[in-house]
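This is what each chain is made of:
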Amino acid sequence: MIKVEKLNKYFGDNRAVNDVTFEINKPEMIGIIGRSGAGKSTLLRIMNRLTDATSGSIFIEGRNILSLTKKDKRAWQKDCAMIFQQFNLVPRLDVLTNVILGRSNIQGTLRSSLKLFTKDERVDALMALDKLGMAETALQRAETLSGGQQQRVAICRAMMQQPKMILADEPIASLDPLNARLVMESLRNIHREKQITVLANLHTLDTAKNYCDRIIGMRLGEIVFDDVPSSLKDDVAREIYGAEAEEAFEPTVTSTSLGDEQFAEAG
Amino acid sequence: MQSSLPENLIKIENNLKSLTRTRSIYSFLSIAALIAVIYSGLIVAETGNATSIWVGLPKFFDYPVDLFVGSWEYGYRWNLLLLEYLPDLISTINMALFSTAMGTLLAFFLSIFSSRNLIKSKTTVLIFRRIMDICRSFPELVIALVLLYLLGKSALPAVIAIIIHTAGALGKLFSEAIENVDKNPIEGLESCGASWFTRIRFGVVTQALPLFLTYTILRFEINIRASTILGFVGAGGIGEQLYTNIQWKYEADTIAIMFLLVSTIITLDYLSSYWRKSLIGLKS
């Protein structure tokens, strides 16, 4: 289904992504772990075509998406929704418009620029917001929301794209424990209900182990681990994280592993 | 204090002292040189003038006094003069309004193509920046004088001159506003597959709009003054009336026009700061 082959990205002499090859054969929830600067973000950005690769190819259903240009490239970006650490909503626009803009690729430039949205689009957007408990904020400006709320809106925008896969670049890195849990759970639900692949960069080990079916470990741009979470041994994980191991293993930082007991306390 | 300092620090302290001393000597010398240059300049100007400035200075206030005396003698009908020149004032404001609107539109397009975060091609950015530089570098008066010679006396040359200057000056400010917007929302839209135009419409314009409007209002104020001045060289409007009346020594009319002009500028100043505040959101 998805086949990444010998992907390389150089920034000058620095190899951010080094000969990365992997396959995804069924809809999976995959966590990519690694320390800062391991090339996780660059890999996702290449897949969404926000950044161009130096060499290599990514085949999705037999089509090399790295060779797409202009209209085809944007059509692919629509199919492959992306969620960012900083949410990347338009701050001065209301939440509903932000969500509906997930469809801007289908709407066409003129219709979305004039905000001529159809009733169906508004209904879809409201339904998506309601699912994550955000319908009440629909008419507020995005900038008035908290980080966790903004990330939920960003997920709604991603769902409006009706994507074939979702890329999440550190989706919970700037959220509080409660919101982090909410966001990870909604990503997990989307994966289960829509049967689509979710590829998430996660900084902490516990989150990856708790929510993902498969973990890819990256180190200095290379894949050093690719298997089910249960086979990831502590010493291997320590090697992946290097100097950042202590932080990544710290249970208070891996907020999403909160048990029900602690959850009640926090709430 | 110094005795308590360790040896190596005393050395630094002494160095610092001597450095400060040299610096103040240099400052003193340059100030003295400046005074000498100004004074010698004054002497040169004094010998070059037809009459000495000390003879002319007391007469400096003769004309303003004449203006007020003349207006006083004109009597109560002075109020009617305000009405008489109102249409000229409106035509000047119209000139400013139209040329600000057109100039802003041009500036918007120029600024998009001269912003590094929107245009990948460095050559395009360079070309559009130079176009703006050229538009901006000629004062309105210079462009208007050339165009008046080519097109004859009318409001059109003045309007074109102001449009060109506004496009250059505002375009520069707009592109700075654009280059300072947060790139995350633009990237968010790009990741949805939004077109270049949609990215600018929502990612850039929504963020930069308050600044755009602030700059435009400010420019409108400047352009009212510019279109008044251009009236002096034959572009019509209240500037032309002012020039004529000063020439003919019609004191009452001159004062009436000045009164209109000053009150317009003051009103506009209040209005624009009110708009600006409500735009930025200082006013609740």
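Keep in mind that what you see is a predicted model, and the values were worked out from it rather than measured.

Criteria and cut-off values
Residues numbered from 1 in each chain as written. Chains lettered and ligands numbered in written order. Predicted model: local features only at pLDDT ≥ 70, side-chain atom pairs only at ≥ 80, totals over all residues. Helix = DSSP H or I, 4+ residues; strand = E, 2+ residues; numbered from the N terminus. Rg over C-alpha atoms; globule rule 2.2 N^0.38 Å. Buried ≥ 20, exposed ≤ 12 C-beta atoms within 10 Å, placed from the backbone. Contact = placed C-beta atoms within 7 Å. Expected span 1.5 Å × (residues − 1). Core = buried A, V, L, I, M, F, W, Y, C linked by C-beta atoms within 7 Å. Pairing = 2+ DSSP bridges. Axes fitted to C-alpha atoms, helices over the stretch in contact; angles between N-to-C directions. pLDDT = per-residue confidence, 0-100. Domains from an automatic or database assignment. Right-handed = clockwise from strand over helix to strand, strands pointing away.

Q: Could you give me a rundown of the overall build of chain B, with the residues and numbers involved?
A: Across its full length, chain B holds eleven helices and zero strands. Secondary structure of chain B in N-to-C order comes out as α-α-α-α-α-α-α-α-α-α-α. The C-alpha radius of gyration computed for chain B amounts to 28 Å, which surpasses the reference 19 Å derived for 284 residues by more than 25%, pointing to a less compact arrangement than a globule. With the principal axes as the frame, chain B shows a C-alpha extent of 85 × 65 × 45 Å.

Q: Mind laying out the overall build of chain A, listing which residues take part and the relevant values?
A: Along its length, chain A carries twelve helices and ten strands. In summary, chain A has a C-alpha radius of gyration of 18 Å against a globular reference of 18 Å for 267 residues, a match within 12%. In terms of principal-axis extent, the alpha carbons of chain A reach across some 55 × 50 × 35 Å. Within the span of chain A, comprising 267 residues, buried residues form 46% of the whole. For chain A, contacts bridging at least 24 residues in sequence account for 71% of all contacts bridging at least 6.

Q: Break down helix α4 (residues 78-113) of chain B for me, with residues and values.
A: Its 36 residues give α4(B) an end-to-end C-alpha distance of 52 Å, which sits within 8% of 52 Å, the value for a rise of 1.5 Å per residue. Within α4(B), burial applies to B:Leu81, B:Leu89, B:Thr92, B:Met95, B:Ala96, B:Ser99, B:Thr100, B:Gly103, B:Thr104, B:Ala107, B:Leu110 and B:Ser111.

Q: Residue-level account of the nonpolar core, with values.
A: Soluble globular proteins tend to bury their nonpolar side chains together. With 111 residues, the main nonpolar core has A:Val99, A:Cys156, A:Ile166, A:Leu167 and B:Ala158 as its most contacted residues. The contact partners of A:Ile166, leaving out residues within four places of it in the chain, are A:Ala81, A:Ile83, A:Ala158, A:Ile190, A:Ile196 and A:Val198. In this structure, B:Leu89, B:Ile238, B:Leu242 and B:Leu260 belong to the second largest nonpolar core, which totals eight residues.

Q: Describe in detail the interface of chain A and chain B, supporting the description with residues and values.
A: The interface is formed by 24 residues belonging to chain A together with 18 residues belonging to chain B. Looking at the side of chain A that touches chain B, the elements with two or more residues in it are α2 (70-79), α4 (104-107) and α5 (109-113) of chain A. Examining the composition of the side of chain A that touches chain B, we find that four residues originate from one element, α2(A), more than from any other.

Q: Got a sec to walk through unusual backbone geometry? Specific residues and values, please.
A: Residues and elements named next belong to chain A. Of note in this structure, Lys-70 is not a glycine but carries a positive phi near 40 degrees. Summarising the element assignment, Lys-70 is placed in helix α2. When the 9 C-beta atoms within 10 Å are taken as the criterion, Lys-70 is described as exposed. Unlike most non-glycine residues, Asn-88 shows phi in positive territory, near 55 degrees. Inspection of the secondary structure assignment puts Asn-88 in the loop between β6 (80-83) and α3 (95-100).

Q: Before we move on, could you go through the sheet that holds strand β9 (residues 214-219) of chain A and cite the residues and values that matter?
A: Residue and element names in this part refer to chain A. What the six strands build is an open sheet, ordered β6-β7-β8-β3-β9-β10; its pairing is mixed. What marks the edges here is a single partner per strand, and that holds for β6 and β10 (222-227). For this sheet the average axis-to-axis angle between neighbouring strands, irrespective of direction, equals 20 degrees. When strand β7 (residues 165-169) meets strand β8 (residues 197-201), the two strands line up parallel, connected through five bridges. In the sheet register, Met-165 faces β8, and the bridge partner there is Thr-197.

Q: Can you break down the confidence of the model for chain B residue by residue, with the values?
A: Per-residue confidence for chain B averages 87 on the pLDDT scale, and 97% of its residues sit at or above 70. This complex was scored by the predictor with a pTM of 0.77 and an ipTM of 0.85.

Q: Outline the environment of B:Gly239, supporting the account with residue identities and numerical values.
A: Residue and element names in this part refer to chain B. Within the secondary structure, Gly-239 is located in helix α10 (residues 238-247). Each C-alpha atom of the pair Gly-239 and Ile-200 lies 40 Å from the other, and the pair is 39 residues apart in sequence. When neighbours within four sequence positions are excluded, Gly-239 is seen to be in contact with Thr-92, Thr-228, Ile-229, Leu-230, Gly-231 and Phe-232.

Q: Would you mind going over the domain arrangement of chain B in detail, with residue names and values included?
A: Partitioning chain B into domains gives domain 1 (2-48) and domain 2 (65-280). Computed from C-alpha atoms alone, the centre-to-centre distance between domain 1 of chain B and domain 2 of chain B is 45 Å.

Q: Lay out the pairing of β8(A) with the relevant residues and their values.
A: Residue and element names in this part refer to chain A. Of all five residues in β8, five are buried, a share of seventy percent or more. Along β8, one buried face is formed by Thr-197, Leu-199 and Asn-201 and the opposite face, lined by Val-198 and Ala-200, is buried too. Strand direction decides the pairing type here: strand β3 (residues 29-33) and β8, joined by four bridges, are parallel. Across the sheet, Ile-32 pairs through a bridge with Asn-201, a residue of β8. Running through helix α8 (residues 177-194), the crossover from β7 to the neighbouring parallel element β8 is right-handed.

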